[in-house]
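One letter stands for each residue in the lines below.
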Amino acid sequence: MKPETILKSYEAAKAVYANLGVDTDAALKTFDEIPMSLHCWQGDDVRGLEGLGDVESQNLVTGSYPGAARTGDELRSDIDMAFSLSPLRHKVNLHSMYAEKKNPRNDLTVEDFRNWIDWAKEKGYGLDFNASFFTHPMMNNGFSLASLDKGTRDYWIEAGIDSREISLAMGKEMGQKCYNNIWIPDGLKDIPANRFRYREYLTDSLDKIMAKPYTEEERQYVGDVLEGKLFGIGIESFTVGSHEFYLGYAATHGCGVCMDTGHYRPAESIIDKLSSVRPFVSDLLLHISRGVHWDSDHVLIQGDDLTGLMLEMKRGDLFSSVGMGLDYFDASINRVAAWAISLRAAAKSLLAALLEPTKLIDDAELSGDFTSRLWLMDECKNLPVNAVWDYLLLTKNIPIGTAAIDAVKDYEHRVQAMR
Ligand code: RNT
Ligand code: ZN
C-alpha cells in the first residue's frame, strides 16, 4: 500500500474517532508508553542455554519446525527480528536457564546475564526475570519448592533467593521495574494422601525466599509475583501452587501474583479477575496466552478475549501498574513468526482498546441506559482500527500487512535455515 493511501485512510479514521470523542493522536501517544514483555523461551522450545542434555522437561512443547535458536546470540538475534515487526514498547522476559555462564541454578548472579543486559540496554528493551524451577537434575519427581525432601527444597530456595537479587539488580540497571516471577510445576498425577503437607512446605519455602524485604526505593525496580495454575499434563490431580494458595499468600505477605490466561478453567474469564485481584496484591503480572480446551500454550491471536482484556486494563487504568507479557510455546511453526504474530495481535488489540469510545459507553451505564451501553459496545467493534494501525506501522517504519510475513520468510531463509 502506498504511504499516501495510508495517510489518507488515517485522516478519515481520525475523523470517525473524533466524532465519537476519541483523539487518535493521543491514543497513539499512550500506546508508546505501554510495555509488553516477550518470553524468550518461545525461541528455543524452553530448552535453556545450560547444555544439561537430556533432562525431563516440565513444559510440554510440541512440533519440530527447523531453526530453533541454540545459543544466546541466536536467541537475541531472533528476538530482535521479532521486535522489528512490532510497534510496541518491549521488554524481554528471561528465565534463569538462559544464563550464559556455567554456574549452577542455585548459585547465579546478575553477572551470569551480562550479555542479555548489555544487549537490552543497547536496544532499549526492559527485562523481566524468572528462576527456572524445572527441567533440571535437581527436580525431584517433578517437585521443587514443595518437595517432601528437604535437600531438594533447600536447593530451590537458594535459586529463589538469587532470583530476587538478580531481578532487583536488573531492574536497577534498566531503570524500570523487573518482575520476578515464580512458577513451579510441583504437583501429582494422582490424589495426595495429604495436601496440607505440600502446601505447608511451599509456604515455608516462599517465606525463606522472601525473607528479605525490599526497601521503598527498591520497590520501583522489582516486584515478586507468584504464578498459580489449575493443572498440568501429568499432574492432573493436584497442583501445589494453586490460584487460591498464591492469592492468599500474596495478599498476606505483601507480594504479587501472575495470572496466566491459559491457567484457568476455559469458561473462567481473566477479564473479570483484574478488578477482583488488583486491589489486594502489591504487584500483578499477566502472562497472555491462548489456551485451546486447556492450558495448551497456543500462539496468541486476536479475538474478543484479548481485546476484552486490553479494554479491562484500560477501564481500570492499569497500564502503568500491571505488567503484561506473552507466554506460550509452539515448535510447529516458525518460532520468530510465533512471536511476531502475537506481538502484533497484542499490539492491535491494545490499540483497539485505547481507541474505544470508552467514555460514551460508560456514560450510558451511568445514566442507566443499558440499551445504548450494549449497542455501543457492539457498534464500536467495527471502527477503523486498521487504518490507525497501518499509520502507526508506517510512522515506525515497520512492515505493513503481509510484508511482515515476507520479512520472516526472508529471515528464515537467510538465518534460521543455516542452523
Ligand atoms: C507454565 C507457566 C510458566 C512457564 C514459563 C516457562 O505453565 O505458564 O510461566 O510458561 O515459566
Ligand atoms: Zn505463564
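Each residue is numbered by its place in its chain's sequence as written, counting from 1. Lettering for chains starts from A, numbering for ligands starts from 1, and both go in the order in which the items are written. Since the coordinates come from a predicted model, pLDDT governs what is reported: local features require at least 70, and pairs of side-chain atoms require 80 or more to be given and counted, while whole-chain, interface and lining totals use all residues. In computing side-chain values, all of the structure's heavy atoms are included and hydrogens and water are not.

A cavity, in this analysis, means grid points on a 1 Å lattice covering only the protein atoms where a 1.4 Å probe fits yet has no way out; a pocket is instead an open set bounded by protein on both sides within 12 Å along at least five of seven lines, and a residue lines either one if it has an atom within 4 Å of a point. Grid points are joined across faces, edges and corners, and a volume is the space filled by probe spheres set on the points. Enumeration according to the criterion identifies 1 cavity of 30 Å³ or more in this entry. Empty space within the largest cavity amounts to approximately 180 Å³. Forming the boundary of the largest cavity are 19 residues, of which Asn59, His95, Trp183, Glu227 and Asp327 lie nearest the centre. Charged residues are taken to be Asp, Glu, Lys and Arg, nonpolar residues to be Ala, Val, Leu, Ile, Met, Phe, Trp, Tyr, Cys and Pro, and polar residues to be all remaining types, Gly included. Of the residues in the lining of the largest cavity, the class split is 7 nonpolar, 6 polar and 6 charged.

Right, let's get into the coordination of the zinc ion (ligand 2). Note: metal donors comprise N, O and S atoms at 2.8 Å or less from the metal (3.2 Å for Na, K and Ca); water molecules are not included, so apparent gaps in a site are possible. Around the zinc ion (ligand 2), the protein supplies Glu227 (OE), Asp260 (OD), His287 (ND1) and Asp327 (OD) as donor atoms, at distances of 2.1 Å. Under the classification used here, a metal with four donors is tetrahedral if each angle lies between 85 and 135 degrees, square planar if opposite donors are over 155 degrees apart and the others between 65 and 115, a six-donor metal meeting that same test is octahedral, and anything else is irregular. Classification of the site at the zinc ion (ligand 2) as octahedral follows from its 6 donor atoms and the range of 70 to 169° in their angles at the metal. Written as a sequence motif, the donor residues of the zinc ion (ligand 2) are E-x32-D-x26-H-x39-D. Remark: aspartate 327 occurs in the loop between strand E10 (322–326) and helix H10 (335–355) and aspartate 260 occurs in strand E8 (residues 256–260); sequence separation between them is 67 residues. Taken as a pair, aspartate 260 and aspartate 327 share a single burial class, namely buried. Helix and strand labels come from DSSP, where a helix needs a run of H or I of at least four residues and a strand needs a run of E of at least two; each type is numbered from the N terminus. A 1.4 Å probe rolled over the protein chains alone gives each residue an accessible area, and that area as a share of the maximum for its type sets the label: buried under 20%, exposed over 50%, partly exposed in between.

Next up on the list: unusual backbone geometry. You will see that aspartate 45, though not glycine, has its phi angle at about 60°, which is positive. Judged by its relative accessible area of 10%, aspartate 45 falls in the buried class. You will see that asparagine 141, though not glycine, has its phi angle at about 50°, which is positive. Take asparagine 141: it is sitting in the loop between strand E3 (126–130) and helix H5 (150–174).

Moving on to helix H13 (residues 385–395). Summarising burial for H13: 8 of the 11 residues are buried, a large majority. Among all positions in H13, only Val385, Ala387, Val388, Trp389, Asp390, Tyr391, Leu392 and Leu393 are buried. Check the buried side of H13 and you find it contacts helix H1 (3–19), helix H2 (24–33) and H10. Remark: asparagine 397 follows H13 within two positions and exhibits a positive phi of approximately 60°. In this description, contact between two residues means that some pair of their heavy atoms is separated by no more than 4.5 Å.

So, about the site of ligand 1. Definition of nearness: a residue and a molecule or strand are near each other if at least one heavy atom of the residue lies within 4 Å of the molecule or strand. His95, Glu227, Lys229, Asp260 and Asp327 are the nearest of the 13 residues found near ligand 1. For the purposes of these results, a polar contact is taken to be a pair of N or O atoms within 3.5 Å, where, inside protein, one atom must be able to donate a hydrogen and its partner to accept one; residues adjacent in sequence count only when each atom of the pair is a side-chain atom. Between ligand 1 and histidine 95 there is a distance of 2.7 Å, counted from an oxygen atom to a side-chain nitrogen or oxygen. Contact between ligand 1 and aspartate 260: an oxygen atom at 2.9 Å from a side-chain N or O atom of the residue. The fraction of the free accessible surface of ligand 1 (310 Å²) that becomes covered by protein chains is 99%. The cavity that encloses ligand 1 is the largest cavity. Classifying every residue of the shell around ligand 1 by side-chain character gives 4 nonpolar, 4 polar and 5 charged. Accessibility throughout is a Shrake-Rupley quantity obtained with a 1.4 Å probe, and a residue counts as covered only by protein chains that appear here. Put plainly, a molecule is in a cavity or pocket when over half of its atoms are within 2 Å of the grid points there.

Okay, the packing of aromatic side chains next. The rule is short: rings of Phe, Tyr and Trp, with Trp giving its six-membered ring, pair when the centres are within 6.5 Å, and they are stacked under 30 degrees, edge-to-face over 60, tilted in between. Within the structure shown, the criterion is met by 13 aromatic pairs. Taking 3.7 Å as the distance between ring centres and 5° as the angle between the ring planes, the aromatic pair formed by tyrosine 10 and tyrosine 391 counts as stacked. Residue tyrosine 10 is located in helix H1, and its partner tyrosine 391 is located in helix H13; the two are separated by 381 residues in the primary sequence. Tyrosine 391 matches tyrosine 10 in its accessibility class, with the two residues each being buried. Geometrically, a charge over a ring is one whose NZ (Lys) or CZ (Arg) sits within 6 Å of the ring centre while staying within 35 degrees of the ring normal. In this structure, arginine 164 is placed above the aromatic ring of tyrosine 214, and the distance from its NZ or CZ to the ring centre is 4.3 Å. Note that arginine 373 overlies the ring of phenylalanine 370, its terminal NZ or CZ placed 3.9 Å from the centroid.

Turning next to the layout of surface pockets. Here the largest pocket is characterised by a volume of approximately 620 Å³. Taken together, 28 residues form the lining of the largest pocket, with Gln58, Asn59, Leu60, Gly232 and Ile233 sitting closest to its centre. Looking at the lining of the largest pocket residue by residue, the class counts come to 9 nonpolar, 12 polar and 7 charged.

So, about the nonpolar core. One finds Ile79, Leu145, Met170 and Met310 to be the most contacted residues of the largest nonpolar core, which totals 120 residues. Counting residues per element, this core draws most heavily on H10, at 14 residues. Beyond its immediate chain neighbours, meaning those up to four positions away, methionine 170 contacts Leu94, Val110, Phe113, Ile117, Leu127, Phe129 and Cys178. We define a nonpolar core as any set of buried Ala, Val, Leu, Ile, Met, Phe, Trp, Tyr and Cys residues linked to one another through side-chain atoms lying within 4.5 Å.

Bringing the environment of leucine 394 into the picture now. When you line up the elements, leucine 394 lands in helix H13. The spacing of leucine 394 and leucine 318 is 76 residues in sequence and 28 Å in space, taken between C-alpha atoms. Ignoring any residue separated from it by four or fewer positions in sequence, one finds leucine 394 in contact with Pro3, Ile6, Leu7 and Ile400.

A word on the pairing of strand E4 (residues 178–182). Along E4, 5 of the 5 residues are buried, which leaves the element largely enclosed by surrounding structure. Along E4, one buried face is formed by Cys178, Asn180 and Ile182 and the opposite face, lined by Tyr179 and Asn181, is buried too. Looking at chain direction, E3 and E4 are connected through 2 bridges and run parallel. Within the sheet, the bridge partner assigned to phenylalanine 129 lies in E4 and is asparagine 180. Handedness of the crossover joining E3 and E4 through H5 is recorded here as right-handed. Here, a strand pair is defined by DSSP locating no fewer than two bridges between the strands. Assignment of crossover handedness uses the view with strands pointing away from the viewer, where a clockwise path from the first strand over the helix to the second indicates a right-handed crossover.

On to a nonpolar patch on the surface, then. Patch membership requires more than 30% relative accessible area and the absence of a salt bridge. Residues of like charge join within 9 Å; the nonpolar side chains Val, Leu, Ile, Met, Phe, Trp and Tyr join within 5 Å. For this analysis, a salt bridge means a side-chain nitrogen from Lys or Arg found within 4 Å of a carboxyl oxygen belonging to Asp or Glu. A grouping of Leu60, Ile233 and Trp294 is seen on the molecular surface, where their side chains present a nonpolar patch of about 310 Å² in accessible area. Tracing the backbone shows isoleucine 233 in the loop between strand E6 (222–227) and strand E7 (238–239).

In this section: helix H7 (residues 243–253). All of the buried residues in H7 are His243, Phe245, Tyr246, Tyr249 and Ala250. Taken end-on, H7 shows its buried residues confined to a sector of 160°, consistent with a single buried face. In H7, those exposed residues whose orientation departs by more than 90 degrees from the buried face are Glu244 and Thr252. Buried positions along H7 lie against helix H6 (195–209), E6 and E8. With its phi angle positive at about 70°, glycine 254 sits one or two positions after the end of H7. What the arc covers is the set of directions going from the helix axis to the C-beta atoms.

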